[in-house]
Amino acid sequence: MKFLIVFVALFAVALAAPSGDVTILRSESDVGPENFSYAFETSDGTAAQESGVLKNAGSEQEAIAVQGSYKFIGDDGVTYEVTYIADENGFQPSGAHLPVAPEA
């Protein structure tokens, strides 16, 4: 249920952002009791997709594992894209424009 709320909130923010005459080109979602997925794309080059699955349902180790990506065109005209995983190890984003921590 939490993830449905998060999904709806993120989707609402994406739709509410002031950006002129932007139209939704594609919008898909599938929400089940133990998994979800969504994807959208707008005419201004913004797009996102995400899927998640409930792991260890009913146990004390119950957790959601999520993977996805989003992209947008920045004010500088560059397309920025981030792919990510979010699971019991935290949020792990990657993208060509993101800094990378040095290896230990």
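Refer to the preceding data block for the structure.
Residues numbered from 1 in each chain as written. Predicted model: local features only at pLDDT ≥ 70, side-chain atom pairs only at ≥ 80, totals over all residues. Heavy atoms only, no water.

### Examining the overall build of the protein chain
- Across its full length, the protein chain carries one helix and six strands.
- The secondary structure elements of the protein chain, listed N-terminal to C-terminal, are α-β-β-β-β-β-β.
- By residue count, 19% of the 104 residues in the protein chain fall in the buried class.
- Considering only contacts within the protein chain whose residues lie at least 6 apart along the sequence, 15% involve residues at least 24 apart.
- Accessible surface for the protein chain amounts to roughly 7,500 Å². Of this, 56% is attributable to carbon and sulfur atoms. (Helix = DSSP H or I, 4+ residues; strand = E, 2+ residues; numbered from the N terminus. Buried < 20%, exposed > 50% of the residue type's maximum accessible area, 1.4 Å probe, protein only. Contact = heavy atoms within 4.5 Å. Areas by Shrake-Rupley, 256 points an atom, 1.4 Å probe, with all protein chains shown as cover.)

### Overview of the pattern of salt bridges
- In the structure shown here, the tally under the stated rule is three salt bridges.
- One salt bridge connects Glu 28 with Arg 26, and the closest N-O pair in it is separated by 3.6 Å.
- Note on Arg 26: relative accessible area 32%, which makes it partly exposed.
- Glu 88 is the partner of Lys 55 in a salt bridge, and the nearest nitrogen-oxygen pair spans 3.1 Å. Of this pair, Lys 55 sits in strand β3 (residues 47-55) while Glu 88 sits in the loop between β5 (79-87) and β6 (90-94), and the two are 33 residues apart along the sequence.
- A cluster of three or more residues bridged by salt bridges with shared partners is formed by Arg 26, Glu 28 and Glu 41. (Salt bridge = Lys/Arg side-chain N within 4 Å of Asp/Glu carboxyl O.)

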